[in-house]
Each structure stands twice: as C-alpha cells, then as structure tokens.
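Descriptive structure summary
Each chain is listed here by its residues.
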Amino acid sequence: MKFTGSKAHRRGFTLIEMALSMAMTLGIAAAILTMVQQQMSINSAVNRFAFLREDAPQINVLLTNLINQADDYSIHTTTSNAKAGTAAVIDNGRALRLRFRLPDGSFEYAIVSFEIVSGQRQLSYYRKGSNDQSWPSLPNWVVSSKPDVVNFSNATGILEINLVGKYGEEITFAGNPS
Amino acid sequence: MYRNRKHHSKRKGYALIEIAASYAAIVIVGLVTLRSTLNNITGQQWTVKQAMTDAYLTRETALASRMPFANIRIGSSPWPVYPSVSTQTVVVGKLPGGDNVTASLHRTRIADGNNLGSGGGSGSNDTNPTNTEAWKLQSVLVYKVREKEYVKTRTILRIR
C-alpha cells in the first residue's frame, strides 16, 4: 500500500476538535432556539393588545357616528327586550336601542346589541326602517366579534359603552345623541 | 512537512474565525430583532394609551356637555373656578390581564370676560344686557408612556 506525500498528511479530526465543534454547534442551535422562543413569546404578548390597538377604536368610531345621528336612545337587557322596547335599564345593558327622526317626521330604529349567535359572541346591528312592520330576526350586520363583553350604561347621565376583550382588557367610550 | 503543518494550522485558524463570525452574526441578528421588537412594543403602548385616553376624554366631553348648568356653577362643581383646579387619579382603561391604566385628571372652569360679576366676569348691564353667562370647562388629562409625559385637553363652552 502506497501513500502519496499529500495523502499521507491528511488525517481526520481529533476528539477535541470534534467535541469543540459539537459544543459550538449546540451553542449556536441553543442561541437560535432561544431567539425564536423569545420572538414567539413577544409576538404573543403583542397580539394580546390587538383588541385595544385595532378593534376597540374602530368600534368606537362606528358607534360614535351612529349615536351622533340618533335623537334618542334606551338601554335594554337583551336584544329581544330592545326589539319590544321593554325592560329598559340604566346599567349593565346588553342592547342599545336608537331612534332616528327622518326628514318627513317618521322614525326609524336601530339596535346595537351584544349577544351570542350560533355560539359566537358578537356585537350586532339591527335596523328597522320607517316602513318595516317588524325587526329582522338576524342582524343586518355584525359590528365586531372581538369583544368578550359589552356593557351599555347611563348611570352617570351620559351613554357609556364599556368594551371588554378576551384577556380582561377594557376601554370605555362615552357619547350623547345629538 | 513543515509547509503542510503550517497549512493545517491555518485551516484551524480559519475554522475559529468562521465560528466566531457565526456567533457574532447570531448576536447581531438577535440584537436587531430585539431592538425592532422593543420599538414595536413601545409604539404599541403609545397607540393603546392614545386610544384609552381619547376614549376617556369622550366621557369628559359628554359629561361637560350634559351636566345641568346650575350644577356647573355651584361651589361643589366638578370644574372649580380658575385658578382653582381639581385633581384626581382616574382609571382610563385596563390592559390585558386586568392591570389598570391610570392618568391624572385636572379640571377647571374659566369665566367669560363679559359675564356679570356674579358669573366671575367683569361685564356690566351695558355690555351684557341679557345676563348671558358663559363658562369654558377645561379637562386636562396627564398620562405617561414609559418615562415620557403627555397631556391632552378638551374644552367645552357652556352658555346660558
């Protein structure tokens, strides 16, 4: 068996070199894993603020525009009570009934209610036009499905809408009909 | 033989540099990621507090507009006559987990210059024959985002 000069000097890695490279590799892998885990936990923390950051202000703008156009409101315990105009309360209401006076003197109504539809909590909007005989059975549209609880209150003399997110975050908006 | 050994030791040196470079790259990537994340979180805190304080001030505006005029000008008015200022700590909202977010609310009311003397002004029956009385109700909300302090104010004019 002949060895050429260059091949004779080729040798494998020593145990120390192998151990060192494996330790380095493990160190790098651990560092990357830690960074990924950290990033994921921070992303999760950031996502917990999504309701306060994105949804609540949008709901506020929408409801404020709606309430500003109304000339009267009442607060009720449930959607069905709001439709019937019964069981009005000043606090812990789940449905807000709004009345809009039209230019011809007639009225149309709207209900913004927090309710559970098909197992999903949502803030719904119902509309009853001046020529409609009854309320629609299903909401005309869903304002948002993000709040965990919505409380309508008039305990302080002004309309307050308290929005609670699913992580216990809370924000309260207030307003008066025009 | 000597040349080969030298060449081999050079290769070892390169390996050390490569490992050091990869560690440095990881540290740099980690720091950049951390910094951008911290920037995001700071921006988020700012946005959330803006939303909460804006919401709280809708309450102040609504209260100042709706409160009976007689209750505004009595001694126990929530808006005392300037330069007196009422100060209270208020909860403007709750963070995920239920922690309160607080701010400092300052209220005062400023008489219109043409109010009669009884209304805090210097007007007379000549300048104000209908005894019109006007007050500016001012609410100032002071809150902090990290170490920076911010101020928001709303002023409502009430006239009778």
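Read on for an overview of the structure. Just so you know, these numbers come straight off a predicted model, no measurement behind them.

1. Structural notes on the overall build of chain A
For chain A, the count of helices and strands is four helices and eight strands. If you list the helices and strands of chain A from N to C, you get α-α-α-β-α-β-β-β-β-β-β-β. Computed over its C-alpha atoms, the radius of gyration of chain A comes to 31 Å, more than 25% above the 16 Å expected for a compact globule of 178 residues. With respect to the three principal axes, the spread of C-alpha positions in chain A is 110 × 35 × 30 Å. Sequence-distant contacts, at least 24 apart, represent 42% of the contacts inside chain A between residues at least 6 apart.

2. Some words on the pairing of strand β3 (residues 134-145) of chain B
All names here are of chain B. Where strand β2 (residues 100-111) and β3 come together, eight bridges link them in antiparallel fashion. Note on β3: the bridge partner recorded for L105 is L141. Note that β3 and strand β4 (residues 148-159) share 12 bridges and pair antiparallel. Within the sheet, the bridge partner assigned to V140 lies in β4 and is T153. Hairpin remark: β3 followed by β4, antiparallel, with two residues in the connecting loop; positive phi at R146, about 55°.

3. Description of the interface of chain A and chain B
Contacts between chain A and chain B engage 31 residues on the former and 28 residues on the latter. Elements with a contribution of two residues or more to the side of chain A that touches chain B: α2 (15-47), α3 (50-69) and β8 (170-175) of chain A. Considered class by class, the residues forming the side of chain A that touches chain B number 16 nonpolar, 10 polar and five charged. One ladder, built from two bridges, connects β8 of chain A with strand β1 (residues 86-94) of chain B; its direction is antiparallel. Of the residues in β1 of chain B, the one forming a bridge with E170 of chain A is K94 of chain B.

4. Notes on unusual backbone geometry
Note: most residues except glycine have negative phi, and most peptide bonds are trans. Residue and element names in this part refer to chain B. Residue P83 follows Y82 across a cis peptide bond; omega there is 20°. Relative to the helices and strands, P83 is located in the loop between α2 (69-72) and β1. Backbone geometry at N131 places phi at a positive 55°, although glycine is not the residue there. Mapping N131 onto the fold places it in the loop between β2 and β3. C-beta crowding within 10 Å serves as the criterion here: with 12 such atoms nearby, N131 is assigned to the exposed category. Located in the positive-phi region is R146, a residue other than glycine, with phi close to 55°. Within the secondary structure layout, R146 lies in the loop between β3 and β4. Judged by the 9 C-beta atoms lying within 10 Å of it, R146 is exposed.

5. Re the sheet that holds β8 of chain A
Reading across the sheet, the seven strands line up as β6(A)-β7(A)-β8(A)-β1(B)-β2(B)-β3(B)-β4(B) and stay open at both edges, with antiparallel pairing between neighbours. At either end of the open sheet lies a strand with only one pairing partner, and these are β6 (149-153) of chain A together with β4 of chain B. Along the sheet, successive strands turn relative to each other by an average axial angle of 30°, direction set aside. The strands touched by α3 of chain A within the sheet are β7 (159-164) and β8 of chain A, with β8 of chain A carrying the most contacts at an inclination of about 15°.

6. Describing the environment of A155 of chain A
Residue and element names in this part refer to chain A. Counting through the fold element by element, A155 comes out in the loop between β6 and β7. The sequence separation of A155 and A50 amounts to 105 residues, and the corresponding C-alpha distance is 29 Å. Setting aside chain neighbours within four positions, we find A155 in contact with I90 and D91.

The rules we used
- Residues numbered from 1 in each chain as written.
- Chains lettered and ligands numbered in written order.
- Predicted model: local features only at pLDDT ≥ 70, side-chain atom pairs only at ≥ 80, totals over all residues.
- Helix = DSSP H or I, 4+ residues; strand = E, 2+ residues; numbered from the N terminus.
- Rg over C-alpha atoms; globule rule 2.2 N^0.38 Å.
- Contact = placed C-beta atoms within 7 Å.
- Pairing = 2+ DSSP bridges.
- Nonpolar A, V, L, I, M, F, W, Y, C, P; charged D, E, K, R; others polar.
- Buried ≥ 20, exposed ≤ 12 C-beta atoms within 10 Å, placed from the backbone.
- Axes fitted to C-alpha atoms, helices over the stretch in contact; angles between N-to-C directions.

Without other data, these values stay purely geometric and don't point to any function.
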